[in-house]
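Fold and contact review
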Amino acid sequence: MDKILNDYLEKIERHLKPLPVSERIDIVKEIQSQILELQNNGKTAEEIVERLGNPKELAKAYLGDMISKDKTFHWNRILAICAYYSLASFSGLIIIPTLAICAPVFIFTGILTPILGAVKLLDTLLNLNIPYAQNIVIASIDNPFIAFAASAVVGAVLYLIGRGCWKLLVSYFKAVSSAKRRLSL
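Remember, predicted model here, so these are calculated numbers, not experimental data.

Details of the nonpolar core
- Counting 18 residues, the largest nonpolar core has Ile-12, Leu-16, Ile-31, Ile-35, Leu-52 and Leu-58 as the members making the most contacts within it.
- At 5 residues, the largest contribution of residues to this core is made by helix H2 (residues 21-40).
- If sequence neighbours within four positions are ignored, Ile-12 has contacts with Ile-31, Pro-55, Leu-58 and Ala-59.
- Formed by 6 residues, the second largest nonpolar core is a distinct cluster that contains Ile-96, Ala-103, Leu-169 and Tyr-172.

Below is the structure:
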């Protein structure tokens with residue numbers, strides 16, 4: 001095998017160091033077999049390395065895949081999670097939880113805001129005296145029709161922000177796992 005490809009495999013193995021030796025060897029052998037198959041298809045070492053991408057990202061993708069497939073608890077899984085987050089860097093520790101919390105909260109409040117505006121409007125128009133409806137304040141607007149319209153606009157904006165957070169979270173996961181997909185023939 002070419003020196004460039006051997007160096008590439010060594011870098012991947014270095015990034016997988018926290019894993020047990022047997023799992024690390026399995027991953028490296030899998031990548032090595034893909035490399036050999038690409039070589040048999042006439043790809044040069046440079047083309048193969050370009051196709052596989054950054055060795056750190058590829059190792060991270062394998063770790064993420066390994067973590068997501070195995071649902072049982074054992075110490076190897078803990079080591080894989082630690083290795084994944086060390087490769088995913090500090091940004092992954094902030095981005096994933098932040099977006100995972102913000103997306104449902106914004107979507108929920110985006111749906112709830114117009115509903116509360118409608119409850120306030122119905123309570124005012126039909127004089128239903130719904131408990132706590134008088135406590136629903138929409139931007140200190142006294143006119144119930146304008147308050148409902150404002151709650152619908154605010155609700156739509158909050159919902160769109162929530163959807164945007166969700167799409168960013170999905171995009172982040174896709175970016176993290178794209179290195180492994182590039183490996184597939």
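Concerning the pattern of salt bridges
- Under the counting rule described, the total for this entry stands at 2 salt bridges.
- The closest approach of N and O atoms between Lys-3 and Asp-7, which form a salt bridge, is 3.2 Å. Residue Lys-3 and its partner Asp-7 are both found in helix H1 (residues 3-15); the two are separated by 4 residues, about one turn of the helix.
- The class for Lys-3 is exposed, based on a relative accessible area of 59%.
- Here Arg-24 ties to Glu-13 by a salt bridge, and the two come within 3.7 Å at their closest N and O atoms. Here the residue Arg-24 occupies a position in helix H2, and Glu-13 occupies one in helix H1, the gap between them amounting to 11 residues.

Quick word on a nonpolar patch on the surface
- The grouping of Phe-108, Ile-111, Leu-112, Ile-115, Leu-116, Tyr-159 and Leu-160 at the surface amounts to a nonpolar patch, some 640 Å² of accessible area in total.
- Mapped by element, the contributors of at least two residues to the nonpolar patch are helix H5 (75-126) and helix H6 (144-183).
- Tracing the chain through its elements places Ile-111 in helix H5.
- Judged by its relative accessible area of 44%, Ile-111 is partly exposed.

A look at H1
- Between its terminal C-alpha atoms H1 stretches 18 Å, which fits the 18 Å expected from 13 residues at 1.5 Å a residue.
- Here H1 has its buried residues at Leu-5, Tyr-8, Leu-9 and Ile-12. End-on, the buried residues of H1 take up no more than an arc of 95 degrees, which puts them together on one face. Along H1, the residues that are exposed and aim more than 90 degrees away from the buried face are Lys-3 and Arg-14.

Procedures and definitions
- Residues numbered from 1 in each chain as written.
- Predicted model: local features only at pLDDT ≥ 70, side-chain atom pairs only at ≥ 80, totals over all residues.
- Heavy atoms only, no water.
- Core = buried A, V, L, I, M, F, W, Y, C linked by side-chain atoms within 4.5 Å.
- Buried < 20%, exposed > 50% of the residue type's maximum accessible area, 1.4 Å probe, protein only.
- Helix = DSSP H or I, 4+ residues; strand = E, 2+ residues; numbered from the N terminus.
- Contact = heavy atoms within 4.5 Å.
- Salt bridge = Lys/Arg side-chain N within 4 Å of Asp/Glu carboxyl O.
- Patch = residues over 30% accessible without salt bridge, like charges linked within 9 Å, V, L, I, M, F, W, Y side chains within 5 Å.
- Areas by Shrake-Rupley, 256 points an atom, 1.4 Å probe, with all protein chains shown as cover.
- Expected span 1.5 Å × (residues − 1).
- Arc of directions from axis to C-beta.

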